[in-house]
Amino acid sequence: MPRPLPPPAPRTRWSAPVVAACATALLATGCAADSAADSPAGTTGAGPAPTGGHGYVAGAEELGEPQLQLTHLDEAGSVHALDLLTGESAPVGEVGRTDAVASDGRFLFTSGPAGRLSVVDTGTWTVDHGDHVHYYRAPARVVGTLAWSGEVRAASSETLTALFSPTTGAGVVLDRAALGQGEIETVATSAGVPHDGALVPLGSRVVATGPASVEVREDGGDPTGTEAPCTDPRGGAATRVGVVVSCADGAVLATETAEGVTLERIPYPSPVADGDRAVSLANRAGRPVLAAPAGQHGVWLLDTRARSWQLVPTATPWAQAVAADDAQDRVVGLDTGGRVVVLEPATGALAATEPLVAPDQVADVVLQVDADRAYLNVPDQDQLVEVDYADGARLARTFPTAVTPDHLAETGR
């Protein structure tokens, strides 16, 4: 049983685990049995795969291709899922007033002013074993809720899901397998101080930030003794190599070794002004490279294999950047003019759409990137847009939505 850590600030304090099954989760709702009505339109429901065998998941159907969806919701919390294979949309459930949404590629975590966080299982996900991949579909549902305050950030490994609130500095680690069975089971909690940090699983451990440090914890919250300084952390992200946290002078990379977890500093090539830092590092799941806007100067690329930074100048400032594919190392982004932009760092070649959103809407747009396409929400037009970034940033499809898509997450990846 993990023990609470001593209280001196600024170190994060972890508490003992608390089990909150579906029947007893704080403010829990939506725990009804799965039904065909819970499934996205265009499916016949997720009949269980034959018992046993490699890749078997109870209650889910294993399929031969990614079951990609655009799960979107309005401010009132009406959740809908658009099936990208069929183009059809279906309601998933209601979660109440929503101000912030995070996703780990399967689950959505929504927070609002009611002091609670809702968990939505979108019912589609991918399990990447490195040399092969499994694709699954199960009924979508609202799993339940737990007490929360402020913004939410989410990250998962195969066994753990970590939630972090930069508003309060608090974190929660959940049992991911239990989530898949419709239960909210808390493995550990932490109480910190507000800071723009992260809580990211790395295998069976968790990489956590404090206001000036990065440390590694066991899944139940016990310290491993591995810690590194990190001035002014600004979020974190996982790559195929390890977990990265942005710091004022570069980044800290956490990697698994035979002895445990190692923390390495990856400094910027030269000092970087605060406004030019890489503070929103993002990549397509499984990529070793991360990308982030570099203020007015271009795009940062962080190669976690080479432990090196690259600054790529761009003609217009970018608001978002995602390291996308493995072939040309393309970076897909949204610039401050509202265009989806595609950059090939090796050649400097750039492709772009026409403006898809007004410049004053850019901050409210969510850009999602998978192995083939990029997606974004256009709230004032009640539509979702698909861009083929490998084909000269071609506008491929638009999808009207039944509710205003104020929040968006692509799931099934």
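Residues numbered from 1 in each chain as written. Predicted model: local features only at pLDDT ≥ 70, side-chain atom pairs only at ≥ 80, totals over all residues. Heavy atoms only, no water.

Going by the annotation in an unreviewed UniProt entry, the name recorded for the protein is ABC transporter, with Modestobacter versicolor given as the source organism.

Student: Can you walk me through the overall build of the protein in this structure?
Tutor: For the protein, the helix and strand inventory stands at one helix and 36 strands. Counting across all 413 residues of the protein, residues that qualify as buried make up 53%. Long-range pairs, those at least 24 residues apart, make up 48% of the contacts in the protein with a sequence separation of at least 6. When the accessible surface of the protein is split by element, carbon and sulfur atoms take 52% of a total near 16,600 Å². (Helix = DSSP H or I, 4+ residues; strand = E, 2+ residues; numbered from the N terminus. Buried < 20%, exposed > 50% of the residue type's maximum accessible area, 1.4 Å probe, protein only. Contact = heavy atoms within 4.5 Å. Areas by Shrake-Rupley, 256 points an atom, 1.4 Å probe, with all protein chains shown as cover.)

Student: Where do I start with the environment of Asp364 in this structure?
Tutor: Relative to the assigned elements, Asp364 resides in the loop between strand E31 (349-352) and strand E32 (367-369). Placed 42 residues apart in sequence, Asp364 and Asp406 show a C-alpha to C-alpha distance of 7.7 Å. Aside from chain neighbours lying at most four places away, what touches Asp364 is Asn377 and Asp406.

Student: Help me understand the sheet that holds strand E21 (residues 236-238) in this model?
Tutor: Where strands meet in a sheet, backbone hydrogen bonds hold them as pairs that are either parallel or antiparallel. The sheet built from four strands is open, its strands ordered E21-E22-E23-E24 with antiparallel pairing. Each edge of the sheet is formed by a strand with only one pairing partner; in this case those strands are E21 and strand E24 (260-267). In this sheet, adjacent strand axes meet at a mean angle of 20° when their direction is disregarded. Looking at chain direction, strand E23 (residues 250-257) and E24 are connected through eight bridges and run antiparallel. (Pairing = 2+ DSSP bridges. Axes fitted to C-alpha atoms, helices over the stretch in contact; angles between N-to-C directions.)

Student: Could you clarify how one ought to interpret the packing of aromatic side chains in this entry?
Tutor: Aromatic ring pairs are reported here in terms of the distance separating the ring centres and the angle at which the planes meet. Per the counting criterion, the structure on display carries five aromatic pairs. Residues Tyr268 and Trp309 carry aromatic rings whose centres are separated by 4.6 Å and whose planes lie at 40° to one another, so their mutual orientation is tilted. Taken together, the residues Tyr268 in the loop between E24 and strand E25 (289-293) and Trp309 in strand E27 (residues 308-313) connect sequence positions 41 residues apart. A relative accessible area of 9% means that Trp309 is categorised as buried. Aromatic rings pair up to connect Tyr268, Trp300 and Trp309 into one cluster. The ring of Trp125 has Arg106 sitting right over it, with the charged end atom 3.5 Å from the ring centre. (Phe/Tyr/Trp six-rings, centres within 6.5 Å; stacked < 30°, edge-to-face > 60°. Lys NZ or Arg CZ within 6 Å of the ring centre and 35° of its normal.)

Student: Would you take a moment to explain the state of the cysteines for this structure?
Tutor: As used in these notes, a disulfide is a covalent bond between sulfur atoms, one from each of two cysteines. Taken as a whole and judged by the stated rule, the model has one disulfide. Between Cys230 and Cys247 runs a disulfide, and the two sulfur atoms are separated by 2.0 Å. One quick way to see it: the torsion about the S-S bond of Cys230 and Cys247 is about -110°, and its sign makes the bridge left-handed. You can see Cys230 sitting in the loop between strand E20 (223-229) and E21 and its partner Cys247 sitting in strand E22 (residues 243-247), a full 17 residues away along the chain. With respect to burial, Cys230 and Cys247 carry one shared label: buried. (Disulfide = S-S within 2.5 Å.)

Student: I would appreciate a short explanation of the environment of Asp121 in the present structure.
Tutor: Mapped onto the secondary structure, Asp121 falls in strand E9 (residues 116-121). When the C-alpha atoms of Asp121 and Arg141 are compared, they prove to be 5.4 Å apart, with 20 residues separating the residues in sequence. A polar contact is formed between the side chain of Asp121 and the side chain of Arg106, at a distance of 2.9 Å. (Polar contact = N/O pair within 3.5 Å; in protein donor to acceptor, adjacent residues only side chain to side chain.)

Student: Explain the confidence of the model for the protein here, please?
Tutor: Detailed reading of the predicted model is not advised wherever pLDDT is low. Of the residues in the protein, 87% have a pLDDT of 70 or more, and the chain-wide mean is 88. Low pLDDT, under 50, characterises residues 1-13; the stretch is placed with 30 contacts to residues that sit more than four places away or in other chains. Below a pLDDT of 50 lies the segment residues 18-50, which in the model reaches 70 contacts outside its immediate sequence neighbourhood of four places, other chains included. (pLDDT = per-residue confidence, 0-100.)

Student: Teacher, can you tell me more about unusual backbone geometry here?
Tutor: Keep in mind that most residues, glycine aside, have a negative phi and that most peptide bonds are trans. Here the phi dihedral of Arg307 falls at roughly 55°; this positive angle occurs in a residue that is not glycine. Tracing the backbone shows Arg307 in the loop between strand E26 (298-303) and E27. Assessed through its relative accessible area of 32%, Arg307 is described here as partly exposed. Of note in this structure, Asp329 is not a glycine but carries a positive phi near 55°. Take Asp329: it is sitting in the loop between strand E28 (318-323) and strand E29 (331-335).

Student: I keep staring at the sheet that holds strand E5 (residues 78-83) and nothing clicks. Help me out?
Tutor: If you trace the four strands from one edge of the open sheet to the other, you get E6-E5-E4-E36, paired in antiparallel fashion. Both outer strands of the open sheet, strand E6 (89-94) and strand E36 (407-411), are each paired with one neighbouring strand and no more. The sheet shows a mean angle of 25° between the axes of neighbouring strands, direction not considered. As paired strands, strand E4 (residues 69-73) and E36 are joined by five bridges and run antiparallel to one another.

Student: How should I be thinking about the nonpolar core in this particular structure?
Tutor: Across soluble globular proteins, nonpolar side chains show a tendency to be buried alongside one another. Core analysis: the largest hydrophobic core is formed by 19 residues, its most contacted members being Val332, Val340, Val369, Ala374, Leu376, Val387 and Tyr389. Within the residue set of this core, elements represented by two or more residues are E29, strand E30 (340-344), E32, strand E33 (374-378) and strand E34 (383-388). Considering every element that reaches this core, the biggest residue donor is E33, with three residues. (Core = buried A, V, L, I, M, F, W, Y, C linked by side-chain atoms within 4.5 Å.)

Student: Could you clarify how one ought to interpret the pairing of E23 in this entry?
Tutor: Side-chain positions along a regular strand alternate between the two faces of the sheet. With six of its eight residues buried, E23 lies for the most part within the structure. From the end of E22 to the start of E23, which pair antiparallel, there are two residues. Counted along the chain from E23 to the antiparallel partner E24, the turn is two residues long.

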